[in-house]
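Residue-level listing of the chains:
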2 protein chains.
Amino acid sequence: MNYPNGKKQSFRTSGKNSQEPAFGNRGMTLEEDINDTNEHYLVMNKAVIHKKPTPVQIVKVDYPKRSAATIKEAYFKQASTTDYNGIYKGKYIDFEAKETKNKTSFPLSNLHDHQVKHMKQVNEHGGISFLIVRFSLLNETFLLPSMKLFSYWESQYNGGRKSIPYSDIKEAGHLIPFKFQAKVDYLDVLDQLYF
Amino acid sequence: MNYPNGKKQSFRTSGKNSQEPAFGNRGMTLEEDINDTNEHYLVMNKAVIHKKPTPVQIVKVDYPKRSAATIKEAYFKQASTTDYNGIYKGKYIDFEAKETKNKTSFPLSNLHDHQVKHMKQVNEHGGISFLIVRFSLLNETFLLPSMKLFSYWESQYNGGRKSIPYSDIKEAGHLIPFKFQAKVDYLDVLDQLYF
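Computed from a predicted structure; not experimentally measured.

Asker: So, the pattern of salt bridges: which residues are in play, and what are the values?
Answerer: Tallied over the entire structure, the rule returns 18 salt bridges over all chains. Between B:K170 and B:E140 there is a salt bridge, with the nearest N and O atoms lying 3.8 Å from each other. Of this pair, B:K170 sits in helix 4 (residues 166–172) while B:E140 is found in strand 8 (residues 140–145), placing the two residues 30 residues apart along the sequence. On the basis of relative accessibility, which here comes to 46%, the residue B:K170 falls in the partly exposed class. Residue B:E140 is classed as buried on the basis of its relative accessible area of 19%. Each member of the salt-bridge network shares a partner with another, and the members are A:D33, A:E99 and A:R134.

Here is the structure:
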């Protein structure tokens, strides 16, 4: 599958297997909503939070004489941290955002060990880390503080389930309000939880 | 110029003109030193600071049946923020790092408006932002708090000079000590300035 030249596309590295189809509309929609929200926060001078670029391993670059350098061969790399970070009310903010079409649970295969370890480090150093989960078919988006995520993450290695039930996320997480100008208004939830 | 397949290379987008040779040893050396330093900070549980991936505009991707997705056409994009950010002692940290072969001044063309604006936003929200400048031929690396950078940045648009004299950086900046395990030990300077 090739994308037409010049079309602006967002790509995300996938789960554990780079061959998984991770570039679907689902992911892009939440990502775009969050990017819009961050842009709105920035314009309103509310917070400075950006998505990190997709990590790419560049192998071959052409430098034509009269035009811009062209990358001719590169591969998606696994991210060593989460996708989003920045500052809000003087606090370091760090999160990952994932969508699922699953209606009953959030599969933990959407995350990597690296990312969860990174969230723990952030917490240890006084930052705020969390997960944004969208159940796209239910049209609901939740903020799950990373502390709540960790126990599920660990238990999957001790015979526990490999997903977090929807009902648990509804219970332990916080529904993120949809607003016209802040489509995923996660700072609203952070205000209730931490500020 | 092509890089041989499989060779691990770091690429950086260049100054205002993407055709400038910005991939020389200079840039890579400071970048590698800082990456090593950040890794050391992480292992020592001192700070969580990472380099953001190089922003790339992906145009064409092949998805071969039995192997990883291959990016066949992509371009370097201008970064909208600085290259490094993270958390130290509960504070949001944000900086850009640049090397110059110039012995007498640091050319402001090494930075973009976006990056300087981003540093201002970081300061407004209670973070700490700065520039790391290495004079590679002098083998000296300085930390320049962004507040000191701003006046030079502005004055270049009002007929002022387009570079910061080395002597000013020596005066307004802080020499970053070289240590074996923290080759660019910028947290040492931050400790003196802010903690």
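The discussion continues.
Asker: Go over the sheet that holds strand 7 (residues 128–135) of chain A with me, naming the residues and quoting the values.
Answerer: All names here are of chain A. The sheet built from six strands is open, its strands ordered 1-4-5-7-8-10 with mixed pairing. Edge strands, defined here as strands with exactly one partner in the open sheet, are strand 1 (47–51) and strand 10 (174–175). Note: strand 1 against strand 4 (residues 84–88), five bridges, orientation antiparallel. Bridge pairing in strand 4 places A47 opposite Y88. Seen against the sheet, helix 5 (residues 186–194) touches strand 1, strand 4, strand 5 (91–100), strand 7, strand 8 (140–145) and strand 10 and runs at an angle of roughly 35° to strand 8.

Asker: Describe in detail helix 5 of chain A, supporting the description with residues and values.
Answerer: All of the buried residues along helix 5 of chain A are A:Y186, A:L187, A:V189 and A:L190. Seen from one end, helix 5 of chain A has its buried residues packed into an arc of 150°, which puts them on one side.

Asker: Explain the packing of aromatic side chains to me, and be specific about the residues and the numbers.
Answerer: Taken as a whole, this structure holds 21 aromatic pairs over all chains when the rule is applied. Pairing B:Y41 with B:Y186 gives two aromatic rings, centres 5.4 Å apart and planes at 80°, and the pair type is edge-to-face. Of the two residues, B:Y41 sits in helix 1 (residues 25–43) while B:Y186 sits in helix 5 (residues 186–194), which places them 145 residues apart along the sequence. Given the relative accessible area of 1%, B:Y41 is considered buried. Ring centres of B:F135 and B:Y166 lie 5.0 Å apart, and the angle between their planes is 90°; this geometry places the pair in the edge-to-face category. Taken as a pair, B:F135 in strand 7 (residues 128–135) and B:Y166 in helix 4 lie far apart in primary sequence, 31 residues in all. Taken as a pair, B:F135 and B:Y166 share a single burial class, namely buried. Through pairs of rings, three or more aromatic residues link up here, namely A:Y41, A:Y84, A:F95, A:F130 and A:Y186.

The rules behind each value
- Think of each chain on its own: its residues are numbered from 1, step by step along the sequence as written.
- Both sets of labels track the order of writing: A upward for chains, 1 upward for ligands.
- Reporting in this predicted model follows two pLDDT cut-offs: at least 70 for local features of residues, and 80 or more for side-chain atom pairs to be given and counted; totals over whole chains, interfaces and linings ignore these cut-offs and use all residues.
- To obtain the side-chain values, all non-hydrogen atoms of the structure were included, while hydrogens and water were left out.
- Should a side-chain nitrogen of Lys or Arg be within 4 Å of a carboxyl oxygen of Asp or Glu, the pair is scored as a salt bridge.
- Helix and strand labels come from DSSP, where a helix needs a run of H or I of at least four residues and a strand needs a run of E of at least two; each type is numbered from the N terminus.
- For every residue, the accessible area obtained with a 1.4 Å probe (protein chains only) is divided by the maximum for its type, and the residue is called buried under 20%, exposed over 50%, and partly exposed between those limits.
- Strand pairing is assigned whenever DSSP detects at least two bridges linking the two strands.
- Contacts between residues were defined by any pair of non-hydrogen atoms, one from each residue, lying within 4.5 Å.
- Each axis is a line fitted through C-alpha atoms, and for a helix only the stretch in contact is used; angles between axes span 0 to 180 degrees, taken between their N-to-C directions.
- As used here, the arc is the angular range of directions from the helix axis to the C-beta atoms.
- Whether two aromatic rings pair depends on their centres lying within 6.5 Å, for rings of Phe, Tyr and Trp, where Trp uses its six-membered ring; planes under 30 degrees apart make the pair stacked, over 60 edge-to-face, and the rest tilted.

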